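# Observations on chain architecture
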2 protein chains.
Amino acid sequence: MTATAGTSHVRARRREQTRTEILAAAWRLAERDGIAGLSLRELAREVGMQAPSLYTYFESKAAIYDEMFAAGYRELDAMEADLEVDPADPVGTLAASGEAFIDFCGASLARFQLMFTRAVPGWEPSPGAYAVSVASYQRSVDEFARLGIDEPRHIDLLTALFAGLASQQLANDPGGDRWRRLSREAAEMYVTHVTRGRRQR
Amino acid sequence: MTATAGTSHVRARRREQTRTEILAAAWRLAERDGIAGLSLRELAREVGMQAPSLYTYFESKAAIYDEMFAAGYRELDAMEADLEVDPADPVGTLAASGEAFIDFCGASLARFQLMFTRAVPGWEPSPGAYAVSVASYQRSVDEFARLGIDEPRHIDLLTALFAGLASQQLANDPGGDRWRRLSREAAEMYVTHVTRGRRQR
DNA sequence: GTCTATAGGGTGATAGAC
DNA sequence: GTCTATCACCCTATAGAC
C-alpha cells in the first residue's frame, strides 16, 4: 500500500513532466507554422508519440490551446512583476513597461497571436483560461494606479498605445526597433496628457 | 473575324464578372469562418461551381488572397479619399480619421486579419499586392504632411496610436465603442505632443 | 499508457472527358 | 469552361488490443 502510494506520486510527476514537454514542443511548432497551423500529428511526432497518445495528457486540442494561453498570461505577469514601478518617475516607468511589453510580444509571434488576436478559427479561451488573463490585466491596472493613472479611459488609452506600438513593430518591422524605440516618446506624450492641468485642481 | 473579336470582348467582361462574384463569396465565407478558414470547395459551392472550376478564374488560393488583400487596401484608400483634411484643424481631422479607420477595421474582421495581421499560415502578399498597400500608405503620409506632420517618427507614432485603438476595439469590445470613443482624446494628446514648442522655434 | 486502425471528415491541386 | 475522378495529402478524435 505504501509502495503503491509512493509510485502514484512519481507517476503524477512524470505525467506533469510529459505534459510540459508536449507544451514546449507545441510552442516550437506554433512558432514555425503560426498558432493556427499547429497539428496534433506533428506535435505527437515531435515528442516521439503517436497522435492518439496525446489524449492521455490533454482532453482535446482546445485544451492545449487553453494551457498555452494561460501560460502566456502567467509569463506576462511574471515579466511585469520584475519591472520596477517608480511613482516619482511615471515616464521612465511607462517607457520601460512599453519596451518590455514590445519585447515580450516580439519574443514569440505565436504567443502574441494566441493572446491578443483571434487567429485560431473556432477556438476561444475557456472560462478558466480567460480568468488568468483577467487577473493579469487587473495586476497591470493596480500598477498603473501606483503611477496615478486611475481613470478607466486613461487606462484604455494606455493599453491602446502599447498594443499599437507592439502590433506595428511585429507586423511591419519584426526583429527591428522602429516602433520599440518610440516607447519613451510615447510615454512622455501620454504622461503629459494625463497629468495636464492636474496642478491647477 | 469581327464577330470573334466582338464575342471575346463579351467573354472578357463575363469572366471579370464571375471573378468579382467569386471574390464577393470569398469575403462572405471569410467573415464567417475567419480569413484562414476559407476553403476552395466551399467557395465553389457558394457560387454554384465545383472546386476545380475556380482554377479557370484564379491561379491558386494564394492568388485569391492576393486579390482580396489588394482590394482591402483600395477600399481603405477610397475611404481616406472621402475624408476632409483641414490643415487648420489637425485635431478634428485626426479624430475623424481615427474613427473612420476603426470603423473600417470593424466593418470586416476578415479584412482586418488579412491586411494587418499574419493570420494566414504560409501566405504573404505577392509583390504586386504588397505594392498596393505601399501606395495606400504613401497616400496617408501625404495627407499627414498637409497637417504639418512630417517627421518619420511622428508618423510612426500616429499609425501606432490608430492601430492600437483599432486592435483593442476589435479584440476586446467588438461591435462596441470603448476605444473608438477615445479617438478625439487621442488626437488631442497626439497633436499637443507633435506641436509642442513649435512656436518657440 | 501506448499503440494500430479507423471513423468521418477535410484540404489544394491536377488530368482529362465533354 | 465545366465537369468527374482522383492524387496525395491533411485533420481531430475514438475504439480497442496489448
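Residues numbered from 1 in each chain as written. Chains lettered and ligands numbered in written order. Predicted model: local features only at pLDDT ≥ 70, side-chain atom pairs only at ≥ 80, totals over all residues. Heavy atoms only, no water.

### Here's the deal with the protein's contact with DNA strand D
Worth spelling out the cut-off: Throughout, the term near means that a residue has one or more heavy atoms lying within 4 Å of the molecule or strand in question. Any pair of N or O atoms that falls within 3.5 Å is considered a polar contact. Within protein, one atom must be able to donate a hydrogen and the other to accept it, and sequence-neighbouring residues count only if both atoms are side-chain atoms. Strands are runs of DSSP state E lasting at least two residues, helices are runs of H or I lasting at least four, and both sets are numbered from the N terminus onward. Under the scheme applied, nonpolar residues are Ala, Val, Leu, Ile, Met, Phe, Trp, Tyr, Cys and Pro; charged residues are Asp, Glu, Lys and Arg; polar residues are all the others, including Gly.
Near DNA strand D there are 15 residues, and of these S39(A), R41(A), Y55(A), S53(B) and Y57(B) occur at the shortest range. The share of sugar and phosphate among atoms of DNA strand D within 4 Å of the protein is 60%. One of the side-chain nitrogen or oxygen atoms of K61(A) is found 2.9 Å away from a phosphate oxygen of DNA strand D. Within the contact set of DNA strand D, a phosphate oxygen lies 2.6 Å away from a side-chain nitrogen or oxygen of Y57(B). Looking at the surface near DNA strand D, the elements with two or more residues in it are helix 2 (40–46) of chain A together with helix 3 (54–57) of chain B. Here the surface near DNA strand D is built from residues that sort into seven nonpolar, five polar and three charged.

### A closer look at the protein's contact with DNA strand C
Around DNA strand C sit 14 residues in total, of which S53(A), Y57(A), S39(B), Y55(B) and K61(B) are the nearest. Here, DNA strand C places atoms within 4 Å of the protein, and 58% of those atoms are sugar or phosphate. At a separation of 2.7 Å, a phosphate oxygen of DNA strand C approaches a polar side-chain atom of S53(A). Class assignment for the residues of the surface near DNA strand C results in seven nonpolar, five polar and two charged.

### Some remarks on the relation of the copies chain A and chain B
What counts, and what does not: The copies were overlaid with a least-squares fit restricted to C-alpha atoms from residues scoring a pLDDT of at least 70 in each copy.
For the pair chain A and chain B, the relating rotation is 179 degrees, the translation along its axis is 0.1 Å, and the fit reaches an RMSD of 0.1 Å. Seen this way, the second copy is the image of the first under a two-fold rotation axis. Closest approach to the rotation axis within chain A is made by the C-alpha atom of G164(A), at a distance of 1.8 Å.

### As for the domain arrangement of chain A
As a measure of interface size, the accessible area lost when the parts come together is often cited. Residue and element names in this part refer to chain A. Worth spelling out the cut-off: These domain boundaries are the output of an automatic or database domain assignment. We define buried area as the total accessible area lost by two parts upon association, computed with a 1.4 Å probe and summed across both. When a carboxyl oxygen of Asp or Glu lies within 4 Å of a side-chain nitrogen of Lys or Arg, that pair is called a salt bridge.
The domain boundaries assigned to chain A delineate domain 1 (1–58) and domain 2 (61–201). In this structure, domain 1 and domain 2 have C-alpha centres spaced 30 Å apart. Note on domain 1 versus domain 2: buried area summed over both sides is about 1,300 Å², and carbon and sulfur give 73% of it. On the surface where domain 1 and domain 2 come into contact, there are one salt bridge. One salt bridge in this structure joins E67 and R19, with 2.1 Å as the shortest N-O distance. Scanning the region where domain 1 abuts domain 2 turns up seven residue pairs in polar contact (both at pLDDT 80 or more). Mapped onto the side of domain 1 that touches domain 2, the elements with two or more residues apiece are helix 1 (2–33) and helix 2. Take the side of domain 1 that touches domain 2: its biggest share by element is six residues, from helix 1.

### Re helix 4 (residues 90–106) of chain A
Put simply, the rule reads: The length a helix should cover is 1.5 Å for every residue beyond the first. Accessible area is worked out with a 1.4 Å probe on protein chains only. A residue is then buried under 20% of its type maximum, exposed over 50%, and partly exposed in between.
Taking 1.5 Å as the rise per residue, helix 4 of chain A with 17 residues should run 24 Å; its terminal C-alpha atoms sit 24 Å apart, in good agreement. Counting buried positions over the 17 residues of helix 4 of chain A gives 13, a clear majority of the element.

### A closer look at the pattern of salt bridges
One pass over the full model with this rule turns up 26 salt bridges over all chains. E99(B) is the partner of R180(B) in a salt bridge, and the nearest nitrogen-oxygen pair spans 3.9 Å. Within this pair, whereas R180(B) is found in the loop between helix 8 (152–172) and helix 9 (183–195), its partner E99(B) is found in helix 5 (residues 90–107), the two being separated by 81 residues in sequence. Residue classification places R180(B) among the partly exposed residues on the basis of a relative accessible area of 25%. Between R180(B) and D103(B) there is a salt bridge; the shortest N-O distance is 2.7 Å. With a gap of 77 residues between them, R180(B) in the loop between helix 8 and helix 9 and D103(B) in helix 5 connect regions that are remote in the sequence. Through salt bridges with shared partners, one network takes in E16(A), R19(A) and E67(A).

### Overview of the side chain of S183(B)
Residues and elements named next belong to chain B. What counts here: Between two residues, a contact is recorded if the distance between any of their heavy atoms is within 4.5 Å.
Looking at the secondary structure, you find S183 in helix 9. Taking relative accessible area as the criterion, S183 reaches 0% and is therefore assigned buried. A polar contact is formed between the side chain of S183 and the backbone oxygen of R180, at a distance of 2.8 Å. With near-sequence residues (within four places) excluded, S183 lies in contact with A95, G98, E99, I102 and L165.

### Concerning the interface of chain A and chain B
Contacts between the two partners involve 33 residues from chain A, matched on the other side by 32 residues from chain B. The largest per-residue losses of area from chain A upon contact with chain B belong to R118(A), E185(A) and M189(A), which jointly make up 23% of the total buried on that side. At the boundary of chain A with chain B, the tally comes to four salt bridges. Between R153(A) and E185(B) there is a salt bridge whose closest N-O contact spans 2.7 Å. Taken together, the connections running from chain A to chain B amount to 16 residue pairs in polar contact (both at pLDDT 80 or more). Every element with two or more residues in the side of chain A that touches chain B is listed here: helix 5 (109–116), helix 7 (152–172) and helix 8 (183–195) of chain A.

### Describing the packing of aromatic side chains
Our working definition: Any Phe, Tyr or Trp ring, taking Trp's six-membered ring, that has another such ring centre within 6.5 Å forms a pair; planes under 30 degrees apart are called stacked, those over 60 apart edge-to-face, and the others tilted. Here, over-ring charges are defined by two tests on the NZ atom of lysine or the CZ atom of arginine: distance to the ring centre within 6 Å, and angle to the ring normal within 35 degrees.
Per the stated rule, a full pass over the model turns up twelve aromatic pairs over all chains. Taking 6.0 Å as the distance between ring centres and 75 degrees as the angle between the ring planes, the aromatic pair formed by Y73(A) and F116(A) counts as edge-to-face. A residue pair is termed long-range when its members are at least 10 positions apart, and Y73(A) in helix 3 (residues 61–81) and F116(A) in helix 5 qualify at 43 residues. Aromatic pair F69(B) and W123(B): ring centres 5.8 Å apart, planes at 65 degrees, arrangement edge-to-face. Separated by 54 residues along the polypeptide, F69(B) in helix 4 (residues 61–82) and W123(B) in the loop between helix 6 (109–116) and helix 7 (127–146) bring together distant segments of the chain. When its relative accessible area of 4% is taken as the criterion, F69(B) is described as buried. One cation-aromatic arrangement involves R111(A) over F104(A); the distance from NZ or CZ to the ring centre is 3.6 Å.

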